[in-house]
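One letter stands for each residue in the lines below.
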Amino acid sequence: MPAKRKSKGAYMISAVAEMYEIHPQTLRLYEREGLLKPSRTEGNTRLYTDEDLERLEFILNLARDLGVNIAGIAIILQMRERMEEMNRQMHSFVEYVRSEMLTHITQAAGSASKSAIVPMRKPMIVPRPVAPAPSKPRGGPRS
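Residues numbered from 1 in each chain as written. Predicted model: local features only at pLDDT ≥ 70, side-chain atom pairs only at ≥ 80, totals over all residues. Heavy atoms only, no water.

Draft legend 1. Structural detail: a nonpolar patch on the surface. A cluster of nonpolar side chains, namely M90, F93, V94, Y96, V97, M101 and I105, defines an oily patch on the protein surface of about 660 Å² accessible area. For I105, the location among the structural elements is in helix 4 (residues 70-115). (Patch = residues over 30% accessible without salt bridge, like charges linked within 9 Å, V, L, I, M, F, W, Y side chains within 5 Å. Areas by Shrake-Rupley, 256 points an atom, 1.4 Å probe, with all protein chains shown as cover. Salt bridge = Lys/Arg side-chain N within 4 Å of Asp/Glu carboxyl O. Helix = DSSP H or I, 4+ residues; strand = E, 2+ residues; numbered from the N terminus.)

Draft legend 2. Expanded view of the pattern of salt bridges. As enumerated under the stated definition, the model contains four salt bridges in all. Residues R55 and E81 are paired through a salt bridge, measuring 3.0 Å at the closest nitrogen-oxygen approach. Here the residue R55 occupies a position in helix 3 (residues 50-65), and E81 occupies one in helix 4, the gap between them amounting to 26 residues. On the accessibility criterion, E81 (37% relative accessible area) is partly exposed. A salt bridge links E85 to R88; the nearest nitrogen and oxygen atoms lie 2.9 Å apart. Within this pair, E85 and its partner R88 are both found in helix 4, separated by three residues, close to a single helical turn. Overlapping salt bridges bring together E31, R40 and R46 as one network. (Buried < 20%, exposed > 50% of the residue type's maximum accessible area, 1.4 Å probe, protein only.)

Draft legend 3. Up close: the packing of helix 1 (residues 13-20) against helix 3. Where helix 1 contacts helix 3, the two axes come as close as 12 Å, and the packing angle between them is 45°. When the axes of helix 1 and helix 3 are compared, the pair comes out oblique. As helix 1 packs across helix 3, the resulting crossing turns out to be right-handed. For the pair helix 1 and helix 3, the contacting residues are V16, M19 and Y20 in the first and L53, L56, E57, L60 and R64 in the second. For the contact of helix 1 with helix 3, the per-class residue count stands at six nonpolar, no polar and two charged. (Axes fitted to C-alpha atoms, helices over the stretch in contact; angles between N-to-C directions. Parallel < 35°, antiparallel > 145°, perpendicular 65-115°, else oblique. Left-handed = near helix turned anticlockwise from the far one by under 90°. Contact = heavy atoms within 4.5 Å. Nonpolar A, V, L, I, M, F, W, Y, C, P; charged D, E, K, R; others polar.)

Draft legend 4. Up close: the nonpolar core. Core analysis: the largest hydrophobic core is formed by 18 residues, its most contacted members being V16, L27 and L56. Put simply, the parts of the chain that give this core at least two residues each are helix 1, helix 2 (24-32), helix 3 and helix 4. For this core, the element with the most residues is helix 3, which contributes five residues. Apart from residues lying up to four places away in sequence, L56 is in contact with V16, Y20, I22, L27, Y30 and L36. (Core = buried A, V, L, I, M, F, W, Y, C linked by side-chain atoms within 4.5 Å.)

The values reported here are purely geometric and, on their own, carry no functional implication.
Here it is, written out as structure tokens:
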């Protein structure tokens, strides 16, 4: 059961356990296994941030709804983090290629238009395409 959170802040282990209807030892186990990494106060009290709670919700979904054990949860979380990192790297690479292409096109257009026999128009930069919104099917069922 997802908890209802209204504010940004940090939550103590007892509050988190109550919100998600789990035993505090379960949270300690998840921390020992490296699935959660709550911050600590100077008095060594665990504090769970909103990001920690989102991760906990994902973990509980895997465990409760899908029946995944702790080892499986750890593998899924690792793969998820790797995919997010690869996605960031891919976006970075695409932006680098776009900027390099723009630089080369601009330089080529500037030098080519001065020495070309036939004048060339400036290159037009086309913005990145936006994915269209999903459309609703029209009409009734076909037979």
